[in-house]
Amino acid sequence: MTAVARPGALVAGAESAGHALELRGLSKRYGGFTAVDAVSLRVERGQFLTLLGPSGSGKTTILMMIAGFVAPGEGAVLLDGRDITALPPERRDFGMVFQGYALFPHMTVAENVAFPLRVRRLGRAAREEKVRAALDLVQLSGFADRRPSQLSGGQQQRVALARALVFDPDLLLLDEPLSALDRKLRAELQEELKALHRRIGRTFVSVTHDQEEALSLSDQVAILNHGRLVQLGPPEALYERPRTRFVAGFLGHSNFLRGTVREVAAAGSVVQAGGTRLLQRDEPGPPGATVLLSLRPEKIALLAEGEGAENAVAGSIAAWAYLGAGYSLSVATCDLGVLHVALPAWRAPIAPREGLPVRLGWSAEAAVPVLEDADAA
Amino acid sequence: MPRDAAVLPAAAAPRPGLALPREAGWWLLLLPAFLLMTALYVAPILQVLAISFTEPTPGLGNYERLFTAAGVQRVIGTTLRICAVTTVVALVLGYALAYVIALASPRARRWWLLGVLLPLWISVLVRAFAWVTLLRRQGLVNEGLLAAGLIEEPLKLVWNEFGIVVGMVHYMVPYAVLPMLAAMREIDPRLLAAARGLGASRLTVFGRVFLPLSMPGLVAAGVLVFIVSLGFYITPAILGGGKTLMAAEWIKLQILDLVRWGMGAMLASVLVVTILATLAIFARVVDLRRLFGGGH
Ligand SMILES: Nc1ncnc2c1ncn2[C@@H]1O[C@H](COP(=O)(O)OP(=O)(O)OP(=O)(O)O)[C@@H](O)[C@H]1O
Ligand SMILES: [Mg+2]
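Every value quoted in this text rests on a predicted model; they were computed, and no experiment measured them.

Calculation criteria
Residues numbered from 1 in each chain as written. Chains lettered and ligands numbered in written order. Predicted model: local features only at pLDDT ≥ 70, side-chain atom pairs only at ≥ 80, totals over all residues. Heavy atoms only, no water. Contact = heavy atoms within 4.5 Å. Buried area = accessible area lost by both parts, 1.4 Å probe. Salt bridge = Lys/Arg side-chain N within 4 Å of Asp/Glu carboxyl O. Polar contact = N/O pair within 3.5 Å; in protein donor to acceptor, adjacent residues only side chain to side chain. Helix = DSSP H or I, 4+ residues; strand = E, 2+ residues; numbered from the N terminus. Nonpolar A, V, L, I, M, F, W, Y, C, P; charged D, E, K, R; others polar. 1 Å grid on protein atoms, 1.4 Å probe; cavity = no way out; pocket = protein on both sides within 12 Å on 5 of 7 lines; lining within 4 Å. Points joined across faces, edges and corners; volume = space filled by probe spheres on them. Domains from an automatic or database assignment. Near = heavy atom within 4 Å. Areas by Shrake-Rupley, 256 points an atom, 1.4 Å probe, with all protein chains shown as cover. Pairing = 2+ DSSP bridges. Axes fitted to C-alpha atoms, helices over the stretch in contact; angles between N-to-C directions. Buried < 20%, exposed > 50% of the residue type's maximum accessible area, 1.4 Å probe, protein only. Lys, Arg positive; Asp, Glu negative; His and termini not counted. Expected span 1.5 Å × (residues − 1). Bend = angle between axes of the 7 residues up to and from the residue.

Student: Can you tell me about the interface of chain B and chain A, naming the residues and giving the values?
Tutor: Tallying the contact residues gives 21 residues for chain B and 24 residues for chain A. Summing the contributions of chain B and of chain A, the shared interface buries around 1900 Å²; its carbon and sulfur component is 69%. Considering only the side of chain B, the residues that lose the most area to chain A are B:Arg196, B:Leu198 and B:Arg208, jointly responsible for 32% of the buried surface there. Counting across the interface, chain B meets chain A through one salt bridge. With a closest N to O distance of 2.6 Å, B:Arg196 and A:Glu90 form a salt bridge. Across the contact surface, chain B and chain A share four residue pairs in polar contact (both at pLDDT 80 or more). Of all elements in the fold, only helix 9 (189–197), helix 10 (202–230) and helix 14 (287–293) of chain B reach the threshold of two or more residues within the side of chain B that touches chain A. For the side of chain B that touches chain A, the element with the highest residue contribution is helix 9 of chain B, accounting for seven residues. Counted by class, the side of chain B that touches chain A contains 11 nonpolar, six polar and four charged residues.

Here's what the structure looks like:
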């Protein structure tokens, strides 16, 4: 499935194909409701940016403003530094894959892919050549004469992709490109999409509410909530160093520990959480400050008898589940409440059982301080 | 499916004592309606058909007149011409209206629909006379144009084919709007946005995406309007002023005034056959719909 088709016309000149996109203070209001609130960000040439957020966070609205279908209330959209806010969608030269694909049902696959070329009045020979190359690129060469209704969901998605790429667009916009597909196909197409992006080197902007998709595909992820940009960065940075409680909870799972900074030293800081003193390598705040720490379940280890750790708490298993690759444990502690622990099955020193007393440990780097969402605003 | 097939032989075997299978009950319920339809609808048509072959003398004499009598040919020509023009004009106006309604906000759409459907509740007689008052020599239109200095003398707007077409178009536009609106409402608006996003101007989006996708509705509306137009009687009688004869009025003339039953029945039969033939062709054309919208 991931085998690369022969390089077609689309791949040629890939290095020069990317364009940089910039959003400056983009806002959109519907009546009194603010759907998008002063969003500013920059996508460099050839990068893959994903807008990620819960339902209603304004992802589609931002994408539609980039595409030109929705006029921003305030702010500007810039392509390579040129203001294109007032340009109608058909003059922007952006490829777009719509949610649900929006293939033309009265045209064959080849006619669908040829559509952007036809409206650009490209000659017949050149058109056919480009359509062939685009269909090769998405590995649908044998399907040119079918109607969209005769294709599977994954094939339709690839036709939509071919149609969006065939005219060498400045920018490729994707609105939930994989959400209509089942899990396995989605994983396959994620890989294909990523390979395609690398191969043609164009700038992609994608929208999703699937965090896994966002993490696996993107160079940059923009996390949105209530129309606001909460954090922008590479997937690893967002996951490892979430800025707010929302980001930590939305990207993956997280335990939250609240405490007060007791001392700050070169070796680390001490945070007092209930009766437990937590060691933090970084400096979560000045002494006396109340801080919130995010601790990922997979960074907590189950300590063996007599084993030590920089941070350790005792508790008992309140609930557990076997997930194939590992166990998910809920451990009730007296100071820190219930902590969720993700344990790889091969590293579980015990067979989990409800009520079993355990000791949990994690390093001084494991937890990261995050802001309460209200403070971040 | 296989389960049904397995059950079938058992069910089909006649059970002693119970003469009728269960479904027969439903058919019995439908029987009175069926008999009524046959008695009031099919039988008279068959009788008309019979008369067309037997009056005044048995044979194909009446149908021969289709090819020999200039009067009959003129009536058929006039009917086809007026119906064709009516259909085209009603389709163009109806399409524009349906387009506006389909793209309107839900609130505005309700008002538009009400406006389109309102004329249907007004008697066709009233509407025909209303057009006469508007279009006659001293009518509002001529007076207005004269007053504006646009014309020197009153235009002949009524008691001719023009008047008939105006009246018929007015009657037929709602019938044209409804099937087209239904087809347009089925078009996914994202397709139109997608087309623009791919570089098509508004005009191209209309020509290459919207129009082809609304074509089934256009065809349906065309057939409906044409068929209904063929049978128009009151509107042409009033707005044609007896000078322009269409099929229905000519048939009435033959039967009631000239008592030439055979000729009247012949043209009536031709009309029925034409309508059935149009419908048969149409039934093939609607299959396009499957082809287009099969994906959803
Ligand atoms: N045309 C509109 N009129 C009024 N409100 C709108 C309109 N379009 C979007 N909204 C509102 O703006 C907010 C953001 O919508 P948007 O479609 O951008 O969300 P989203 O992040 O794409 O959500 P989802 O993941 O469900 O697709 C929503 O609360 C929505 O109700
Ligand atoms: Mg959306």
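Don't stop here, the text continues.
Student: A description of the layout of surface pockets should follow, citing residues and the corresponding values.
Tutor: All names here are of chain A. When its volume is computed, the largest pocket comes out at roughly 430 Å³. Tyr239, Gly252, His253, Glu298 and Ala342 are the residues nearest the centre of the largest pocket, which is lined by 15 residues in total. Among the elements of the structure, helix 6 (211–217) and strand 18 (338–344) are those that each provide at least two residues to the lining of the largest pocket. Split by residue class, the lining of the largest pocket holds six nonpolar, seven polar and two charged. Taken together, domain 1 (2–240) and domain 2 (249–376) each give at least three residues to the lining of the largest pocket, which thus spans both.

Student: Tell me about the site of ligand 1, and name the residues and values.
Tutor: Residue and element names in this part refer to chain A. Contacts to ligand 1 come from 13 residues, most closely from Ser55, Gly56, Lys59, Thr60 and Thr61. A distance of 2.7 Å separates an oxygen atom of ligand 1 from a polar side-chain atom of Lys59. Within the side chain of Thr61, an N or O atom sits 2.5 Å from an oxygen atom of ligand 1. Relative to its unbound accessible surface of 630 Å², ligand 1 loses 61% to contact with the protein. Listed by contribution, the elements that provide at least two residues to the shell around ligand 1 are strand 2 (33–43) and helix 1 (59–67). Among the elements that take part in the shell around ligand 1, helix 1 stands out by supplying three residues, more than any other.

Student: Describe the sheet that holds strand 14 (residues 290–295) of chain A, and please don't skip the residues or the numbers.
Tutor: Residue and element names in this part refer to chain A. Read across the open sheet, the five strands follow the order 13-12-11-14-20; overall the sheet is antiparallel. The sheet terminates laterally at strand 13 (276–280) and strand 20 (368–370), the two strands that pair on one side only. For this sheet, the mean angle separating the axes of adjacent strands, direction not counted, is 50°. As defined by bridge partners, strand 11 (residues 255–265) adjoins strand 14 across six bridges and the pair is classed as antiparallel. Within strand 14, the residue paired with Thr260 across the bridge is Thr290.

Student: Could you give me a rundown of the side chain of B:Arg109, with the residues and numbers involved?
Tutor: Residue and element names in this part refer to chain B. With respect to the helices and strands, the residue Arg109 is situated in helix 5 (residues 106–117). Buried and unpaired, Arg109 has Asp188 as its nearest opposite-charge partner, separated by 12 Å. Among the polar contacts listed, one links the side chain of Arg109 to the backbone oxygen of Ala104, at a separation of 3.1 Å. If near-sequence neighbours (up to four positions away) are discounted, Arg109 is found in contact with Ile101, Ala102, Ala104 and Arg185.

Student: Before we move on, can you summarise helix 2 (residues 24–54) of chain B with the specific residues and values?
Tutor: Residue and element names in this part refer to chain B. Its 31 residues give helix 2 an end-to-end C-alpha distance of only 39 Å, which falls more than 12% under 45 Å, the value for a rise of 1.5 Å per residue. Residue Leu31 marks the point of greatest curvature in helix 2, where the axis turns by about 40°; the proline Pro32 follows within four residues. Among all positions of helix 2, only Ala24, Ile51 and Ser52 are buried.

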